[in-house]
Amino acid sequence: FPQTINAKLTRQMVWLMEEYIGSFVPGGMVRLLPACKAVMDALCLLVEQVYERDEQGHAQTDAPLLRVRTEIERNYARTLRLRDLAAMACLSPEYLCRAFHRAFGVSPIAYQQELRLREAKALLIGTPMRVGEIAYAVGFQSVYHFSRLFSKRVGRPPTAYRS
C-alpha cells in the first residue's frame, strides 16, 4: 500500500479484498486472484487521487483565510466585526465571506457561532453556571438570542440539554 494511506483505511481495504477473495476461493475460483490484485491496485490509485486532491485543497486555502479563522478561534467570545476581519485579510467583506465559505464550508459569522455554541455545551455540562452567565461568557449579548439559536442548532433549549 502507498505510504500516504492511513492504517485504518488500509485495514478496511485489506478486509474488503479478503471478503472478495473468500467469496470465490471456496468455489474453486482461485484463478481470480490476479483480478483481486488488480481491484486492490485500482482502489489504491483511487485513494491516492482523493488524498492528493484533499492536500491540494488545503494548500490552496489562503494564508489570510487561515489567519481569519485563527482570529475567530482565539476571540470567539468577543464581538468581531466582519469589516475588521476582512481588513486583517486585506479583502473586501463580501469577498471574505465567499472565500471563507468556499474554504471552510461556513461563513465567518456562522463559524464563530458554532464555536460559541460548542463552548456553551461544554459549560452547560461541566459547570453549575446559570444559562444567562454562560450566554454572556461565550459572547452572546442577549440570553434570548442565545437560547433561540441554541434551540435551533442543537434541537433543544439549553436547560433541557443540561439535564
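The numbers attached to residues start from 1 for each chain and follow its sequence in the written order. Reporting of local features is limited, given that this is a predicted model, to residues whose pLDDT is at least 70; pairs of side-chain atoms are given and counted only at 80 or more, and all residues count toward the totals for whole chains, interfaces and linings. Side-chain measures were taken over the full set of non-hydrogen atoms in the model, leaving aside hydrogen atoms and water.

Right, let's talk about the overall build of the protein for a bit. Each helix is a run of DSSP H or I of at least 4 residues and each strand a run of E of at least 2, with the numbering of both proceeding from the N terminus. The number of helices and strands found in the protein is 9 helices and 0 strands. For the protein, the sequential pattern of α-helices and β-strands runs α-α-α-α-α-α-α-α-α. By the burial criterion, 28% of the 163 residues in the protein qualify as buried. Contacts spanning at least 24 positions in sequence make up 55% of the contacts within the protein whose residues lie at least 6 apart. Note on areas: these come from Shrake-Rupley sampling with a 1.4 Å probe, and a residue is covered only by the protein chains present in the view. Carbon and sulfur atoms make up 56% of the accessible area of the protein, which amounts to about 10,700 Å² in all. Burial here depends on accessible area, computed with a 1.4 Å probe over protein chains only, as a share of the maximum for the residue type. Under 20% is buried, over 50% is exposed, and the range in between is partly exposed. Throughout, a contact is declared for two residues whenever any of their heavy atoms are within 4.5 Å.

Next up on the list: helix H5 (residues 93-104). By this rule, a helix spans an expected 1.5 Å times one less than how many residues it contains. Under the 1.5 Å per step criterion, the end-to-end length of H5 is 16 Å for 12 residues, consistent within 8% with the ideal 16 Å. Structurally, H5 contributes buried residues whose contacts are with helix H3 (63-74), helix H4 (82-89) and helix H6 (108-126). Count one or two residues on from H5 and you reach glycine 105, which has phi positive near 90°.

The next thing to look at is H6. Between its first and last C-alpha atoms H6 spans 27 Å; for 19 residues at 1.5 Å apiece the expected length is 27 Å, and the two agree. Inspection of H6 places Pro108, Ala110, Tyr111, Gln112, Gln113, Leu115, Arg116, Leu117, Ala120, Leu123 and Leu124 among the buried residues, and these make up the whole buried set. In this structure, the buried side of H6 is in contact with H3, H4, H5, helix H7 (131-137), helix H8 (143-154) and helix H9 (158-162).

In this section: the environment of glutamate 73. Structurally, glutamate 73 can be placed in helix H3. Sequence-wise, glutamate 73 and tyrosine 111 are 38 residues apart; in three dimensions their C-alpha atoms are separated by 8.7 Å. Discounting residues that sit within four places of it in the chain, glutamate 73 has contacts with Tyr111 and Leu115.

This part is about the packing of H6 against H8. Each axis is a line fitted through C-alpha atoms, and for a helix only the stretch in contact is used; angles between axes span 0 to 180 degrees, taken between their N-to-C directions. Contact pair H6 / H8: the axes reach a minimum separation of 11 Å and the direction vectors enclose 95°. Taken as axis vectors, H6 and H8 run roughly perpendicular relative to one another. Contacts between H6 and H8 involve Gln113, Glu114, Leu117, Ala120, Lys121 and Leu124 on the former and, on the latter, His145, Phe146, Leu149, Phe150, Arg153 and Val154. Polar here means any residue other than Ala, Val, Leu, Ile, Met, Phe, Trp, Tyr, Cys and Pro, which are nonpolar, and Asp, Glu, Lys and Arg, which are charged; Gly is therefore polar. In terms of residue class, the contact of H6 with H8 is built from 7 nonpolar, 2 polar and 3 charged. Our angle categories are set so that under 35 degrees counts as roughly parallel, over 145 as roughly antiparallel, 65 to 115 as roughly perpendicular, and the remainder as oblique.

As a note on interpretation, predicted positions should not be read in detail where pLDDT is low. On average, the protein scores 81 in pLDDT, and the residues at 70 or more come to 65%. The least confident element of the protein is helix H2 (residues 33-60), whose mean pLDDT is 61; the most confident is H7, at 96. What pLDDT expresses is the predictor's confidence in each residue, scored from 0 to 100.

Attention now moves to the packing of H3 against H4. For the pair H3 and H4, the least separation of the axes is 8 Å and the interaxial angle reads 140°. For the element pair H3 / H4, the angle class is oblique. The crossing of H3 and H4 is right-handed. Here H3 contributes Pro64, Arg67, Val68, Glu71 and Ile72 to the contact with H4, which in turn contributes Leu85, Met88 and Ala89. Classifying every residue of the contact of H3 with H4 gives 6 nonpolar, no polar and 2 charged. The hand of a helix crossing depends on one turn: near helix anticlockwise from the far one by less than a right angle means left-handed, and clockwise means right-handed.

It is worth spelling out the packing of aromatic side chains at this point. Pairing of aromatic side chains here covers Phe, Tyr and the six-membered ring of Trp, requires ring centres within 6.5 Å, and sorts the geometry by plane angle: under 30 degrees stacked, over 60 edge-to-face, intermediate tilted. All told, the structure shown has 5 aromatic pairs when counted by the stated rule. Considering the side-chain rings of phenylalanine 140 and phenylalanine 146, the 5.2 Å spacing of their centres and the 55° angle between planes classify their relative orientation as tilted. Classification of phenylalanine 140 as buried rests on a relative accessible area of 3%. An aromatic cluster is defined as three or more aromatic residues linked by ring pairs; in this entry it consists of Phe140, Phe146, Phe150 and Tyr161. Sitting over a ring, as applied to charges here, requires NZ of Lys or CZ of Arg to be within 6 Å of the ring centre and within 35 degrees of the ring normal. For the cation-ring pair, arginine 116 lies above phenylalanine 140, with the distance from its terminal atom to the ring centre recorded as 5.4 Å.

Even without a glycine there, the phi angle at cysteine 90 is positive, about 60°. Assignment of secondary structure puts cysteine 90 in the loop between H4 and H5. What makes cysteine 90 exposed here is its relative accessible area of 68%.

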